[in-house]
Structures are given as structure tokens and as C-alpha cells.
Amino acid sequence: MNQRQYMAWLQQGGGNQLMNEFYKSYDFVSFTFGGTGAQMGGWFRKEINTVEDLKGLKFRVGGFTGLILQKLGVVPQQIAGGDIYPALERDARRLRMGRSLR
């Protein structure tokens, strides 16, 4: 589903009721406040095929998602949008000098 279809399912197709039925046994209630749509997972120098490939991988992610990925071995990075390009440039310089990024 795309974002609009997902929101329609939640609000008009019984999705919220279904989720709250599931969460009931956890004594939890879900409220949908919107969504960010699809987001790119990232660009990496090597292909990610297994959970083992995530070990030590730096990933620009924060909040709850960062905590989940951290349990899989990811190293969450909270970098402001304006600092992304300079960080990539620093890594590119290190690669040119033959230093590992990991």
C-alpha cells in the first residue's frame, strides 16, 4: 500500500480497530496521527543481505526506530540535515587516504 491507501485502511477500512484489538492484550491503545510516507532506508557501500550485515553499520536514524535498529547491531547517528553532506565528504576523504570507514 502507498501512504494514502494505508491511511484509508486505518481510518475507513477497519485497520485502527484491528490494531487496537491486537494491542488490547498488552493494555495499549493506538492513535494514528499521520505518517511520513515511504522513506529511503539508506545508501551503503556494500549490499545488506542479512541481519549480520547490520553489525557496526552507521545509520542516520533516531528515536524509537533507532532503538530497534540498535538491537540489531546498527550504530544510530543523529545528524542534522545540513551536516549530512560534510559528513559524507569527510568519509570520502578518509577513503581516498585508504582508511576504513568501519
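Since this is a predicted model, take the numbers as computed values, not measurements. (Residues numbered from 1 in each chain as written. Predicted model: local features only at pLDDT ≥ 70, side-chain atom pairs only at ≥ 80, totals over all residues. Heavy atoms only, no water.)

1. A look at the overall build of the protein chain
What the protein chain contains, in helices and strands, is four helices and two strands. Helices and strands appear in the protein chain in the N-to-C order α-α-β-α-β-α. Split into buried and exposed, the 102 residues of the protein chain put 15% on the buried side. Once local pairs closer than 6 in sequence are excluded, the contacts in the protein chain between residues at least 24 apart make up 21%. About 8600 Å² of surface is accessible on the protein chain, with carbon and sulfur atoms providing 56% of the total. (Helix = DSSP H or I, 4+ residues; strand = E, 2+ residues; numbered from the N terminus. Buried < 20%, exposed > 50% of the residue type's maximum accessible area, 1.4 Å probe, protein only. Contact = heavy atoms within 4.5 Å. Areas by Shrake-Rupley, 256 points an atom, 1.4 Å probe, with all protein chains shown as cover.)

2. Looking at the packing of helix α1 (residues 3-12) against helix α2 (residues 15-23)
For the pair α1 and α2, interaxial distance at closest approach is 4 Å and the crossing angle is 70°. It follows that α1 is roughly perpendicular to α2 by the angle criterion. Between α1 and α2, the residues in contact are Trp9, Leu10 and Gln11 and Gly15, Asn16, Gln17, Leu18 and Met19, respectively. The class makeup of the residues in the contact of α1 with α2 is four nonpolar, four polar and no charged. (Axes fitted to C-alpha atoms, helices over the stretch in contact; angles between N-to-C directions. Parallel < 35°, antiparallel > 145°, perpendicular 65-115°, else oblique. Nonpolar A, V, L, I, M, F, W, Y, C, P; charged D, E, K, R; others polar.)

3. Focus: the confidence of the model for the protein chain
For the protein chain, mean pLDDT is 83; residues scoring 70 or higher make up 84% of the total. Of all helices and strands in the protein chain, the one with the weakest mean pLDDT is helix α4 (residues 84-96) (75), whereas α2 scores best (94). (pLDDT = per-residue confidence, 0-100.)

4. Here we look at the nonpolar core
The biggest cluster of nonpolar side chains holds six residues, and these are Leu54, Leu57, Phe59, Val61, Leu69 and Val74. With near-sequence residues (within four places) excluded, Val74 lies in contact with Leu54, Leu57, Phe59 and Leu69. (Core = buried A, V, L, I, M, F, W, Y, C linked by side-chain atoms within 4.5 Å.)

5. Section: a nonpolar patch on the surface
A grouping of Phe22, Tyr26 and Phe28 is seen on the molecular surface, where their side chains present a nonpolar patch of about 370 Å² in accessible area. Residue placement: Tyr26 occurs in the loop between α2 and β1 (58-60). (Patch = residues over 30% accessible without salt bridge, like charges linked within 9 Å, V, L, I, M, F, W, Y side chains within 5 Å. Salt bridge = Lys/Arg side-chain N within 4 Å of Asp/Glu carboxyl O.)

6. So, unusual backbone geometry
Backbone geometry at Asp27 places phi at a positive 60°, although glycine is not the residue there. Tracing the sequence through the fold places Asp27 in the loop between α2 and β1.

7. Some thoughts on the packing of aromatic side chains
Following the criterion strictly, the structure yields five aromatic pairs and no others. Measuring from ring centre to ring centre gives 4.9 Å for Tyr23 and Phe28, while their planes differ by 75°; the resulting arrangement is edge-to-face. Consider the rings of Phe44 and Phe59, whose centres lie 5.5 Å apart with planes at 45°: the pair is tilted. Placement of the pair is Phe44 in the loop between α2 and β1 and Phe59 in strand β1, with a sequence separation of 15 residues. Assessed through its relative accessible area of 29%, Phe44 is described here as partly exposed. Classification of Phe59 by relative accessible area gives buried; the value is 15%. (Phe/Tyr/Trp six-rings, centres within 6.5 Å; stacked < 30°, edge-to-face > 60°.)

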